[in-house]
Amino acid sequence: MSEIDSKVEPQSSFLEDLKETLRRGKTIDGYDYNVKKRYYEPAPESSYGEEFRQVVESRRSVRKFTDRKIPKDVLDACLDLALLAPSSCNLQPWEFHVVQSPEKKQKLVEACMSQNAATTAAELIVVVARTKNWPEIAKLNIDQWPQEKIPKHWKDFYTKGVKFTYWQGPLHSIGAIKKAVTSVAGLFRPMPRGPFTKSDMRVWAIKSVALAAENLMLAFRAYGFDSCPMEGMDENRVRKLLDLPRDAEVVMVVGAGERAKDGVYFPRVKFDRKNFVRYV
Ligand SMILES: Cc1cc2nc3c(=O)[nH]c(=O)nc-3n(C[C@H](O)[C@H](O)[C@H](O)COP(=O)(O)O)c2cc1C
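Conventions adopted
Residue positions are given per chain, counting from 1 as you read along its sequence in written order. Residues qualify for local features only when their pLDDT is at least 70, as the model is predicted, and side-chain atom pairs are given and counted only at 80 or more; totals for whole chains, interfaces and linings, by contrast, use all residues. Following DSSP output, two strands are said to pair if at least two bridges run between them. Secondary structure is summarised from DSSP: a helix means a run of H or I of at least four residues, a strand means a run of E of at least two, and numbering begins at the N terminus for each. Throughout, an axis means a line fitted to C-alpha atoms (over the contacting stretch in the case of helices), and angles, computed between N-to-C directions, take values from 0 to 180 degrees. Any two residues are considered in contact once their C-beta atoms, placed from the backbone, lie within 7 Å. The criterion for a residue being near a molecule or strand is simple: its C-beta atom, placed using the backbone, must lie within 6 Å of it. In this count, Pro and Cys sit with the nonpolar residues alongside Ala, Val, Leu, Ile, Met, Phe, Trp and Tyr, while Asp, Glu, Lys and Arg are called charged and the others, Gly among them, polar. When buried Ala, Val, Leu, Ile, Met, Phe, Trp, Tyr and Cys residues are joined through C-beta atoms within 7 Å, the set is termed a nonpolar core. Residues with at least 20 other C-beta atoms within 10 Å of their own are called buried, those with 12 or fewer are called exposed, and the rest are partly exposed. The C-beta atoms themselves are positioned from the backbone.

With that settled, consider the sheet that holds strand β3 (residues 226-230). Strand order in the open sheet made by the four strands is β1-β2-β4-β3, with antiparallel pairing throughout. The two strands at the open ends of the sheet, each matched to only one other strand, are β1 (94-99) and β3. On average, adjacent strands in this sheet sit at an angle of 25 degrees to one another, irrespective of strand direction. With eight bridges connecting them, strand β2 (residues 123-130) and strand β4 (residues 248-257) associate as antiparallel partners. The partner of E123 across the bridge, within β4, is A256. Of the strands in this sheet, β1, β2, β3 and β4 touch helix α9 (residues 198-222), which is tilted by about 5 degrees from β4.

Take a look at the structure:
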């Protein structure tokens, strides 16, 4: 692998592409997107199917990495791509703890049962889901609105709507009431069936965080590095090591680095689409 392959190149990114599409779109159909009341973001014209297929197909869980470090700009670029994952109500309930201090890393390797994927990884990233930091992220959604004027429905949602949806009250008492009301009202009309309980909130957060973890692993692959997701670890020890708050869930530890020639232990074993896909 040459140095060039893993450099973060400022070439035509999705965003650049989008800007270009918007710029040209304005002259092609004569529509002034700036006067449109609602935000407008057409699909980019390019398609990336083949490159994406190569990234997805070549990602494997790698259990043995070389000694090569991941350049800081590549690591940051991959983390930034992870953060672009979709999340429920844009509440981004994720944290990525990049464990680099040698003492902490050693302890983390032990917490990962000293699996090869952990002992040889250039970087170990603990992917965490937060179930109770949504009020802070809701506030960021208001404070960091990217345009001059924040739409009323956006502000209302992140001040009142999220509280209504995610605040479950002391000992989840409000959640229990919401659940009871929903089960009756839901007989008559479609209703969201949660989250109402502590475990609902875990599932809620972990769904979004797992998407970000996959983005991270695909990003490493796209930049010429590899990864291994690990849930084979002692969550209590990881929590203690990172001094995580009570609402934090350790979703997985991602080991990353350059794939050793013998770093993939098994051929890919996948099953036919008909086992998993239903057209109904
Ligand atoms: C949530 C999750 C946890 C995993 N935990 C481990 C692990 O602790 N150790 C490991 O070697 N692989 C782990 N894996 C990797 C799987 O074994 C691997 O994804 C699967 O065998 C398919 O292989 P592939 O990723 O190369 O396609 C995990 C994968 C996922 C999604």
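On we go.
What follows covers the site of the ligand. Around the ligand sit R60, S61, R63, Q115, A117, C228, P229, M230, E231, G232, M252 and R268, and those are all the residues in its vicinity. Broken down by element, the shell around the ligand gets its largest block of residues, three residues, from β3. Grouping the amino acids of the shell around the ligand by side-chain chemistry returns five nonpolar, three polar and four charged.

With that settled, consider the nonpolar core. One finds V127, A213, L216, V253 and V254 to be the most contacted residues of the largest nonpolar core, which totals 46 residues. Elements supplying a minimum of two residues to this core: α3 (72-82), β1, α4 (102-111), α5 (116-119), β2, α9, β3 and β4. Ranked by the residues each element gives to this core, the list is headed by α9, at eleven residues. Leave out the neighbours within four places in its chain, and A213 touches V127, P229, V251, M252 and V254. The next biggest cluster of nonpolar side chains, apart from the first, holds five residues, and it includes L91, A138, Y158 and Y166.

Take the environment of G263 next. Within the fold, G263 resides in the segment after β4. Exposure remark for G263: the 20 C-beta atoms within 10 Å place this residue in the buried category. Placed 203 residues apart in sequence, G263 and R60 show a C-alpha to C-alpha distance of 9.4 Å. With residues near it in sequence (within four places) discarded, G263 still touches V62, R63, K64, F65 and D226.

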